[in-house]
Amino acid sequence: KRQEGNWVPNYVIKSPRECKSIVVKPEDLKYRVLMIHKGKKDLTGTKVLKYIEEGERKEFDKRPTCSSRERWYDLGKRPQSPININYLINDIARCFVGKVWVSDDFQELHTNRNIAPFLNSSLFWFFQNLTGRTSFGGGLLKIQTYEFKMLPVCLISRHKRGIAKAFSSLLCRSVGPVFSELGAPSPDEVSLDKVKPDRRELDKIIMGDTLGLTEEEQVEVYRAVVDLVKSRIEKAKSLKNDKIVGGINISSFKRSVIERIKRETLE
């Protein structure tokens, strides 16, 4: 149950479509997860026991995942993650903020570092589309957990000038498809003034002020993102190690950006 708008421990996200904004709001979620850590003897006379027994009548306890547990219904004690990112990606993976349990359609990030702004930036979309695999129907992209761990992350100080203000605007609104966010359905139509203002402000701080990318290099990031997503969804092209987009070598550009992230992180 929800108590006066506060978080309660049984909310769970099954699909990123349930979240209307980057900040996870309880009123947007319709599913709950039952967390039980007691044996059936300790649950005698409770409705929870009846619920478990109904599951056994339907033979849920004999399913491979459930039967491998000491108590088939016990999901184990685990902390809620403050950051969750969808596992299967249509156009972009969104980084959701707010402690809540999630289904296996998400990657959980357990950290106290201020990485949510970067994970919601257009530069991170660029890395997503270069890392993920596209062997799914409809052009879906998937990033395995071990692959996700290898993605570069720029650590940004919470005190970085303007970062809190820029990110707060993005937090509270619905994040649309990549073509809407960047204001361009094709790479040739990309320009800085077409990017949604709050996204542009966040990207400018991360790509420009922090990593030192020029405005032209930032435009190339946007072009690459639009091209990579468009190509994948339409299944018009396949990704190659040295793919050229708008005159830029993506692999070379990626290496250059990663080097800047390393320098920024170490300084």
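Bear in mind that the values here come from a model prediction, so they are computed numbers and not experimental data.

Counting its regular elements, the chain contains 10 helices and nine strands. The burial tally for the chain puts 46% of its 267 residues in the buried class. Nonlocal contacts in the chain, meaning residues at least 24 apart in sequence, comprise 62% of its contacts between residues at least 6 apart. When the accessible area of the chain is evaluated, it comes to approximately 14800 Å², of which 50% is carbon and sulfur surface.

This part covers the side chain of S81. Checked against the element boundaries, S81 lands in strand 3 (residues 81–86). According to the relative accessible area criterion, S81 is buried, its value standing at 1%. Only 2.7 Å separates the side chain of S81 from the backbone oxygen of I83, close enough to count as a polar contact. Once residues lying within four places of it in the same chain are set aside, the contact partners of S81 are G98, K99, V100, E108, L109 and H110.

Time to look at the environment of D28. Relative to the elements of secondary structure, D28 occurs in the loop between strand 1 (11–13) and strand 2 (31–32). Each C-alpha atom of the pair D28 and E18 lies 6.2 Å from the other, and the pair is 10 residues apart in sequence. If we skip the residues at most four places from it in the chain, D28 touches E18 and K20.

This next bit is on the environment of T145. As for its placement among the helices and strands, T145 is situated in helix 5 (residues 145–149). Note on T145: relative accessible area 39%, which makes it partly exposed. In sequence terms T145 and E108 are 37 residues apart; their C-alpha atoms lie 9.3 Å from each other.

In the Ramachandran plot, E59 falls in the positive-phi region, its phi being about 65° despite a non-glycine side chain. Locating E59 in the fold gives a position in the loop between helix 1 (47–57) and helix 2 (64–67).

With that settled, consider the packing of aromatic side chains. In this structure the tally under the stated criterion is five aromatic pairs. Ring centres of F96 and F106 lie 6.3 Å apart, and the angle between their planes is 70°; on these two criteria the pair is classed as edge-to-face. Highlighted residues: F96 in strand 5 (residues 95–102) and F106 in strand 6 (residues 106–109), separated in sequence by 10 residues. Across this residue pair, the class does not change: F96 and F106 are buried. One aromatic cluster in this structure is built from F118, F124 and F148. For the cation-ring pair, K14 lies above Y31, with the distance from its terminal atom to the ring centre recorded as 4.8 Å.

Analysis parameters
- Residues numbered from 1 in each chain as written.
- Predicted model: local features only at pLDDT ≥ 70, side-chain atom pairs only at ≥ 80, totals over all residues.
- Heavy atoms only, no water.
- Helix = DSSP H or I, 4+ residues; strand = E, 2+ residues; numbered from the N terminus.
- Buried < 20%, exposed > 50% of the residue type's maximum accessible area, 1.4 Å probe, protein only.
- Contact = heavy atoms within 4.5 Å.
- Areas by Shrake-Rupley, 256 points an atom, 1.4 Å probe, with all protein chains shown as cover.
- Polar contact = N/O pair within 3.5 Å; in protein donor to acceptor, adjacent residues only side chain to side chain.
- Phe/Tyr/Trp six-rings, centres within 6.5 Å; stacked < 30°, edge-to-face > 60°.
- Lys NZ or Arg CZ within 6 Å of the ring centre and 35° of its normal.

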